[in-house]
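# Chain and residue survey
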Amino acid sequence: MAGGVKKPVNIFKLKNLNEPKGVFNWRLWFAVCSFGLLGAARGVDEGLINGAFNSKVFQASIDYDSYNETDQANIKANVSAMVQVGSVAGALIAFLICDRIGRIWATRQLCLVWILGIAIFMGHGNSLGAVYAGRFIAGLGVGQTPVVGPVYIAEIAPASIRGLCTCVFTGCVYLGIVLAYFTNYGAQVNIGDTTSNRWLVPTSLHIIFAGLILVLTFFQHESPRYLIKKGKNEQAVQVMSRIRQLPPDHEYVVREITAIRAALEEEMEATMGSSWTGVLREMFLIPNNAYRLYLALSVQLLSQWSGAGSITLYAPDLFALLGITGTEESLLASGVFGIVKFVAAIVCALFLVDVIGRKRALLIGITLQTISVVYIAGFLTAVPQLGVVDDFVIPDHQLAASRGAIAMIFISGFGWALGWNSMQYLLTAELFPLRIRALSTSLAMTLHFANQYGNSRAVPVLLLPRSLGGITPGGTFWFFSAVTLVGGAWVWFFVPETGGRSLESMNRLFELPWHQIGRRGNEDADRLDVALDEKQMAMMGGGDAEHAEHAGEKRAAEKEATV
């Protein structure tokens, strides 16, 4: 079919997809997992930094207690957010590196930069400046991971399971978070907050993951789509043959390579050349590409300000705010929170994203997240002393509501993992044509980290009482509630369903006027698919009308089955 497989996918019955026997093989899964581990870069940092910073030994090393309350909030926010600052620059340069030296070598260099930054942070020598510098340099590497990882995975994955494969990256974000949370918890319990090993041992997770990913790249091959873009067609055929575990002259491999080359040639003709000005014209002046960029950028903006990233980053503090007392208890609750999100990412990957589609999975996640943050905002409004009055103890008659708010933190994380966090990487990686894919993804991830920095930098201050320049915890969660509601409405009206389409057929989703794409783009794309099928069958000859009619009826039946 012209647009790829668009029927629901049962991950446990892949043989029913009528794909050639060798397509879903160990080489594919090994490559997906190797590059999916790049997601752990963000997860490890988000899960580690708050627990590490709260270590009394670490705080003593930067003379934290000598600052006033407002300065302490700013220092904590700066240390936490400095990786995001570096990540903005890392994401911005990622497309240059990715397109210049390829996806494999880009991964190797980002791992080395990541290790260098963490080494400086760990050996900061009681210097707050060195802490900032180390985390900024680490961010230069971490910021490249959501560009290189999802792009590589999307480029090697069969269309029918591209959602599942890309969600491996998202799942590894939570794998990193879970390991980080429990490493913090284990260090607090077993090492104690009397030695620098309390924060150094957990922080070494960064180096472990970066080193592992670096080694794994030497067992992988360059993306076939990147090779075709560089004119290395024969090498691309050999790599595609190896990844699909099919002979180079197999119909499946030939059809896939032909579609990639045809799409690239069409892009080149549309922009009249391969210069950087041609790439920019293709991105901003071709209407359907501009709409895709609008989608990718809006996803980053709305997802980051929905508040879920800040809840992850400051989970121990928020659990303490809502009534969980004790450092160990707060760290344990944060670890369970990470497990909840990890499970949600697995559920999304296996049972939602390629089964009910990206859009429905995203709306389910946003609905859960909205219910949760609205409840938390209401609870904090009903108990305004929380986070405002020092040493305030929740009255007995409000303990049940407090436990409900804590439960809603977990539900919020579950919804975030099902929705925004899975889709912000998947949609960005699969929306764009080959020529502008790395650059567009890089721009989207630059905005991702810029907003993540702004969010992580702002939230500690927003949580402060109004007398200290904040808007109180209740006001902060009402803000998150408003953004989440707006995000749900935006997805409903503007985001088309991309599930099951080949990367090369994605263009057909964006042929309608911009205001109709979100609601009618899929219907129009299916019509164009049928027309292309009929044209191809007519060119091949042999039962043209009958086969074309059969193809249309089959596609309509598959579409009804997904509703």
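Preceding block: the structure.
Let me begin by describing the structure that accompanies this report.

Conventions and cut-offs
Residues numbered from 1 in each chain as written. Predicted model: local features only at pLDDT ≥ 70, side-chain atom pairs only at ≥ 80, totals over all residues. Heavy atoms only, no water. Helix = DSSP H or I, 4+ residues; strand = E, 2+ residues; numbered from the N terminus. Rg over C-alpha atoms; globule rule 2.2 N^0.38 Å. Buried < 20%, exposed > 50% of the residue type's maximum accessible area, 1.4 Å probe, protein only. Contact = heavy atoms within 4.5 Å. Areas by Shrake-Rupley, 256 points an atom, 1.4 Å probe, with all protein chains shown as cover. Lys, Arg positive; Asp, Glu negative; His and termini not counted. Charge placed at Lys NZ, Arg CZ, Asp CG, Glu CD. Axes fitted to C-alpha atoms, helices over the stretch in contact; angles between N-to-C directions. Parallel < 35°, antiparallel > 145°, perpendicular 65-115°, else oblique. Left-handed = near helix turned anticlockwise from the far one by under 90°. Core = buried A, V, L, I, M, F, W, Y, C linked by side-chain atoms within 4.5 Å. Expected span 1.5 Å × (residues − 1). Bend = angle between axes of the 7 residues up to and from the residue.

## Here we look at the overall build of the protein chain
Within the protein chain, the secondary structure is distributed over 24 helices and zero strands. Computed over the C-alpha atoms, the radius of gyration of the protein chain is 24 Å, within 12% of the 24 Å expected from 2.2 N^0.38 for a compact globule of 563 residues. Over its C-alpha atoms, taken along the principal directions, the protein chain stretches across nearly 80 × 45 × 45 Å. For the protein chain, the proportion of its 563 residues judged to be buried stands at 58%. Here the contacts in the protein chain between residues at least 6 apart in sequence split such that 79% fall between residues at least 24 apart. Carbon together with sulfur atoms contributes 64% to the accessible area of the protein chain, which is approximately 21700 Å² in total. Side chains of the protein chain give 43 positive and 43 negative charges; the mean places of these two sets differ by 3 Å.

## Some points on the side chain of His448
For His448, the location among the structural elements is in helix α21 (residues 434-462). Residue class for His448 comes out buried when judged on its relative accessible area of 0%. When near neighbours in sequence (up to four residues on either side) are disregarded, His448 contacts Arg42, Gln300, Gln304, Gln424 and Tyr425.

## So, the packing of helix α4 (residues 69-122) against helix α9 (residues 205-216)
Helix-helix packing is characterised by the crossing angle of the two axes and by the distance between the axes. Across the interface, α4 lies against α9 with an axial gap of 9 Å and an inter-helix angle of 160 degrees. It follows that α4 is roughly antiparallel to α9 by the angle criterion. When the axes of α4 and α9 are compared, the crossing they make is left-handed. Where α4 abuts α9, its residues Thr107, Arg108, Cys111, Leu112, Trp114, Ile115, Ile118 and Met122 lie against His206, Ile207, Phe209, Ala210, Gly211, Ile213 and Leu214.

## A few points about the nonpolar core
By size, the foremost hydrophobic cluster in this structure holds 152 residues, and its most contacted members are Trp114, Phe319, Trp420 and Phe477. In this structure, Trp114 is in contact with Ala41, Ala138, Gly141, Val142, His206, Phe209, Ala210 and Ile213, ignoring residues within four places of it in sequence.

## Notes on helix α7 (residues 162-190)
Since the α-helix advances by 3.6 residues per turn, residues separated by three or four positions end up pointing in the same direction. For α7, with 29 residues, the first-to-last C-alpha span of 42 Å sits near the 42 Å given by 1.5 Å per residue. The largest bend in α7 is about 25 degrees, located at Val168. Remark: Gly192 follows α7 within two positions and exhibits a positive phi of approximately 85 degrees.

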